[in-house]
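Reading the structure
For reference, the chains in residue letters:
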Amino acid sequence: MTPVDIIVDVPFRQGKLEADPPGMSNHSITDTLMAFRWCRIRDLRRPGFSLIELLVVVAIGSLMMVLLIPAFNSLGKSQMLNAEGNKLVNLINFAGQNSAAKNAMTALIAIPGNSTNVAAFGLFEYVPEGSGWKQVSKWEPLKDGLVAWCNPDYPFTDSSIPPPIQVFPAISYRGQAIPAFQYLIFLPSRSLLQSTNAQLRIAEGFATSAGPVTFTRPATGGGPANFYNVTVVAASGYPKIDRP
């Protein structure tokens with residue numbers, strides 16, 4: 001309620017009225033004015049929070065942050081894993097489509113990083129009428145916080161085994177020569193040159209040159225709890241996705 005100032009046009013002298021207004025005594029007018037004055041003082045007061053209430057709010061907010069930040073980080077890593085897996089699938093599809101459209105062979109090359117993981121992917125094309133293998137896509141590096149590796153049960157072809165046609169040119173990545181790598185070759189029919197399926201796995205983790213891959217979200221059996229597996233079918237060259 002907004003305080004209201006009431007002005008009574010009656011002369012006072014030492015707290016007493018000179019003359020009583022009609023129908024009112026000194027006592028009743030004085031009491032009325034004191035009551036309005038008290039209402040004005042009371043209305044000017046503003047409600048607030050006590051120190052204990054503020055401390056409780058701060059404690060609840062801190063607890064919510066502790067609980068929610070790991071969940072947000074996990075969600076971000078999962079979305080990044082999906083994005084990188086989808087990027088690899090698109091690269092495989094482009095390799096098959098390029099081979100079929102140009103009646104050429106297209107190679108998907110996996111550049112190794114630390115330990116046994118893969119650092120980047122790129123596409124090379126071989127046209128018989130051309131001058132041999134040439135790179136047709138930029139290198140696609142894997143984002144930090146993720147690791148990728150070729151499944152030894154469904155391997156890529158190792159660079160120690162040269163393709164049946166012209167060998168690959170000298171390959172470099174970020175200014176460094178890459179002496180060894182793994183590859184898949186897509187034929188003009190889109191099928192793979194190798195007769196067996198190939199699988200590449202991506203998971204949340206990191207790798208160092210001193211040891212094996214470490215998963216940031218390991219499963220009970222020691223493998224990754226969150227992964228993105230891409231299997232390239234040899235007969236068709238199409239990718240198959242496996243997610244938990």
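In what follows, the accompanying structure is described. Keep in mind the model is a prediction, meaning the values are calculated, not measured. (Residues numbered from 1 in each chain as written. Predicted model: local features only at pLDDT ≥ 70, side-chain atom pairs only at ≥ 80, totals over all residues. Heavy atoms only, no water.)

The biggest cluster of nonpolar side chains holds 26 residues, and the ones touching the most others in it are Leu 108, Phe 121, Phe 186, Leu 200 and Ile 202. Mapped by element, the contributors of at least two residues to this core are α2 (51-102), β3 (105-112), β4 (118-127), β7 (146-150), β11 (182-186), β12 (198-206) and β14 (227-232). Considering every element that reaches this core, the biggest residue donor is α2, with six residues. Counting 16 residues, the second largest nonpolar core, distinct from the first, contains Ala 107, Phe 168, Phe 181 and Ile 185. (Core = buried A, V, L, I, M, F, W, Y, C linked by side-chain atoms within 4.5 Å. Buried < 20%, exposed > 50% of the residue type's maximum accessible area, 1.4 Å probe, protein only. Helix = DSSP H or I, 4+ residues; strand = E, 2+ residues; numbered from the N terminus.)

Turning our attention to the side chain of Asn 229. Its place among the elements puts Asn 229 in strand β14. For Asn 229, a relative accessible area of 4% gives the class buried. Among the polar contacts listed, one links the side chain of Asn 229 to the side chain of Arg 201, at a separation of 2.9 Å. The residues touching Asn 229, leaving out its near neighbours within four places in the chain, are Gln 199, Leu 200, Arg 201, Lys 240, Ile 241 and Asp 242. (Polar contact = N/O pair within 3.5 Å; in protein donor to acceptor, adjacent residues only side chain to side chain. Contact = heavy atoms within 4.5 Å.)

This part covers the pattern of salt bridges. Side chains bearing opposite charge may pair, as long as their charged atoms lie close to each other. Taken as a whole and judged by the stated rule, the model has four salt bridges. For Lys 87, the salt bridge identified is with Glu 84, shortest N-O distance 3.2 Å. A residue pair is termed a helical-turn pair when its members lie 3 or 4 positions apart in one helix, as Lys 87 and Glu 84 do in helix α2 at three residues. With relative accessibility at 27%, the residue Lys 87 sits in the partly exposed group. Linking Arg 217 and Glu 204 is a salt bridge whose minimum nitrogen-to-oxygen distance equals 3.5 Å. Highlighted residues: Arg 217 in the loop between β13 (214-215) and β14 and Glu 204 in strand β12, separated in sequence by 13 residues. On the accessibility criterion, Arg 217 (34% relative accessible area) is partly exposed. (Salt bridge = Lys/Arg side-chain N within 4 Å of Asp/Glu carboxyl O.)

A word on the pairing of β14. Most of β14 is tucked away, with six of its six residues classed as buried. Taking every second residue as pointing to the same face, both faces of β14 are buried, with Phe 227, Asn 229 and Thr 231 on one and Tyr 228, Val 230 and Val 232 on the other. Relative to strand β15 (residues 239-242), β14 runs antiparallel, the two being bridged by four bridges. Opposite Asn 229, over in β15, you have Asp 242 as the bridge partner. Turn length for the β14-β15 hairpin, with the two strands adjacent in sequence and antiparallel, is six residues, and the turn residue Gly 237 shows positive phi of about 80°. (Pairing = 2+ DSSP bridges.)

Okay, the packing of aromatic side chains next. Given two aromatic rings, one states the distance between the centres and the angle between the planes to describe the pair. Tallied over the full model, the rule gives eight aromatic pairs. Judged by centre distance (5.4 Å) and plane angle (45°), the ring pair of Tyr 126 and Trp 133 falls under tilted. A relative accessible area of 13% means that Tyr 126 is categorised as buried. Each ring, one from Trp 139 and one from Tyr 173, has its centre 5.9 Å from the other, and the planes form 80°; the classification is edge-to-face. (Phe/Tyr/Trp six-rings, centres within 6.5 Å; stacked < 30°, edge-to-face > 60°.)

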